[in-house]
Amino acid sequence: MTSSETTTTMTRPATGAVATLAAALLGFFVVTLDAVIVNVALPAIRADLGGGITGLQWVVDGYTLLFAAFLLSAGSLTDRIGAKRAFGLGVGMFVLSSLACGVAPALPALVVCRFLQGAAAALVMPSSMALIGQAFPDPARRARAVAVWAMGGAVASSVGPVLGGVLTLASWRWIFLINLPAGAVALALLARVAPSAHHRVPFDRYGQVTGVVAMAALVYGAIEAGRGGLTAPQVVAAFALANASMTAFVLVERRVAAPMLPLDLFRSRTVVTAVLIGFAFMVGYYGMPFVVSLLLQQNGLSAVQTGTVFLPMMLAGLVLTPLVPRLTERVSTRPVVTAGLVLMAAGLVVLALLPATTPGWVTAAVMVLVGLGGPAVIPPVITVLLGAVGPARTGTASGVLNTSRQLGGALAVAVFGALLNAPAGLAAGTRVSLLLAAGVTAAAAFAAVALPVRTRSTKGFR
């Protein structure tokens, strides 16, 4: 047996596949919940721990920065040590760091703990997707399993804003402590999952270091640009470091025998398109709640009322999520994803043009368009991506997709935060942010024409 060969089999009994899917769903649930539940609690955190818009950006982006920075490494590690082991390690770290967030005594401590959460979440995401890819090798069953897995994120997104508002009535600290029971159940389910396949390959230490530094410097520079401007010394230095590190990363990956990110992945049109769509999707889907939550609460709504405004949007996505696999089987992947992106772009434009006096129920109704677009985009894209790479690369490919998604979300919060800090004010900054998100989403809709088409007569893709 060569060093690159799989050391364990990937066959699983039906009960093992069910436990695998349930564990992956819960992992996705806690990771998503922690991203969306924070937004409505930002004013309470600021009142308790201090800090302005920039401080709140770090509470949000402290999570997404490390999430984005470590996803490539996490995807490579998943393939190296096996999806089950990587998932268990990630969920365990996430539970402990959530506890640390919940007891943080000051804003700097909270940001550091959010960094730890982001690093743990980076390991959970690609490993959960790899678990599904390995447990469901049949394309049709995999598509349905991905839709069920996506329900974890949809439920978290649906309950997150309202749950965050309710918990904030007692204390904002409960928005982090709520992760503990879900994480514990995920670990209990994981104990019933058979060992995952893993691949013994050399450790790409230089690729790991340069990749993490490049992603972290890029997001840090964007965040600091919102406070000090593009010409601030720390911003210029961060972008220069990001450029140099990314250049070094590409050079390293071209030369090492076992790169953590095989560059030939990007010879696939499917992989490239999925990465672009993942980035654009998160600009709108993650950036929009950040700015709208702050605007609604500035206009007089409480945290609970703000969460209620988001509820119809999230429920619409929750209802549509289980229907997407059958829809893609009937009409193919490409039109479903394109329609989802168009709906999102339209919703963002209308939301941006609403006057400040618009009733909350009207805002909630408009955001339903964004909610309908969500499940029509990511689950089909994930299914297509997993079908385009071999089993040995499911973790790496998942890491690449999720890196693009988290980078899109982190940069959206950073750029939108800068716009909110502009002299024109919060309302004007929100309008520009939403129009920018709509433009990026519309561009992704055009890019979606490059996705493969799944026909009725074959289980393959072209």
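Conventions and cut-offs
Residues numbered from 1 in each chain as written. Predicted model: local features only at pLDDT ≥ 70, side-chain atom pairs only at ≥ 80, totals over all residues. Heavy atoms only, no water. Core = buried A, V, L, I, M, F, W, Y, C linked by side-chain atoms within 4.5 Å. Buried < 20%, exposed > 50% of the residue type's maximum accessible area, 1.4 Å probe, protein only. Helix = DSSP H or I, 4+ residues; strand = E, 2+ residues; numbered from the N terminus. Contact = heavy atoms within 4.5 Å. Phe/Tyr/Trp six-rings, centres within 6.5 Å; stacked < 30°, edge-to-face > 60°. pLDDT = per-residue confidence, 0-100. Salt bridge = Lys/Arg side-chain N within 4 Å of Asp/Glu carboxyl O. Patch = residues over 30% accessible without salt bridge, like charges linked within 9 Å, V, L, I, M, F, W, Y side chains within 5 Å. Areas by Shrake-Rupley, 256 points an atom, 1.4 Å probe, with all protein chains shown as cover. 1 Å grid on protein atoms, 1.4 Å probe; cavity = no way out; pocket = protein on both sides within 12 Å on 5 of 7 lines; lining within 4 Å. Points joined across faces, edges and corners; volume = space filled by probe spheres on them. Nonpolar A, V, L, I, M, F, W, Y, C, P; charged D, E, K, R; others polar. Axes fitted to C-alpha atoms, helices over the stretch in contact; angles between N-to-C directions. Parallel < 35°, antiparallel > 145°, perpendicular 65-115°, else oblique. Left-handed = near helix turned anticlockwise from the far one by under 90°.

**Description of the nonpolar core**
Among the nonpolar cores identified, the biggest contains 134 residues, and Leu110, Trp149, Met288 and Val292 are the most heavily contacted of them. It is helix α11 (residues 269-298) that contributes the most residues to this core, 17 residues altogether. Those residues in contact with Val292 that sit more than four places away from it in its chain are Phe310, Leu351, Met367 and Leu434.

**Focus: the packing of aromatic side chains**
Both the distance between ring centres and the angle between the ring planes are used here to describe each pair of aromatic rings. All chains considered together, the criterion is met by three aromatic pairs. An angle of 90 degrees between the planes, with centres 6.2 Å apart, marks the rings of Trp172 and Phe176 as edge-to-face. One exposure class covers both Trp172 and Phe176, and it is buried. On the numbers, 4.9 Å between centres and 20 degrees between planes, the contact of Phe281 with Tyr285 is stacked. You can see Phe281 and its partner Tyr285 sitting in helix α11, four residues apart, about one turn around the helix. Judged by its relative accessible area of 3%, Phe281 falls in the buried class.

**Comments concerning the confidence of the model for the protein chain**
When the pLDDT values of the protein chain are averaged, the result is 80; 89% of them are 70 or greater. Overall, residues 1-13 carries pLDDT values under 50, and its contacts beyond four positions in sequence, including any with other chains, amount to 28 contacts. For the stretch residues 455-462, pLDDT sits under 50, and the model shows 15 contacts to residues farther than four places along the chain or on other chains.

**Examining the pattern of salt bridges**
One pass over the full model with this rule turns up one salt bridge. A salt bridge links Asp34 to Arg114; its shortest N-O distance comes to 2.4 Å. Linking Asp34 in helix α1 (residues 14-36) with Arg114 in helix α5 (residues 107-135), this pair joins segments that are 80 residues apart in sequence. The same class applies to Asp34 and to Arg114, which are both buried.

**Notes on a nonpolar patch on the surface**
A cluster of nonpolar side chains, namely Phe266, Val272 and Leu276, defines an oily patch on the protein surface of about 230 Å² accessible area. Its location among the elements puts Leu276 in helix α11.

**As for the layout of surface pockets**
Empty space among the atoms becomes apparent when a probe as large as a water molecule is rolled across them. Considered as a void within the structure, the second largest pocket measures approximately 340 Å³ in volume. What lines the second largest pocket is a set of 19 residues, and nearest its centre among them are Leu295, Asn299, Leu354, Pro355 and Ala356. The set of elements that each furnish at least two residues to the lining of the second largest pocket consists of α11, α14 (333-353), α15 (360-373) and α18 (426-447). Residues that form the lining of the second largest pocket fall into these classes: 12 nonpolar, six polar and one charged.

**Side note on the packing of α11 against α18**
Where α11 contacts α18, the axes come no closer than 9 Å and their chain directions differ by 160 degrees. Here α18 runs roughly antiparallel to α11, going by the angle between their axes. The way α11 lies across α18 gives a crossing that is left-handed. In this structure, α11 contributes Thr273, Ile277, Ala280, Val283, Gly284, Met288, Val291, Val292, Leu294, Leu295 and Gln298 to the contact, and α18 contributes Leu426, Ala427, Thr430, Ser433, Leu434, Ala437, Val440, Thr441, Ala444 and Ala447.

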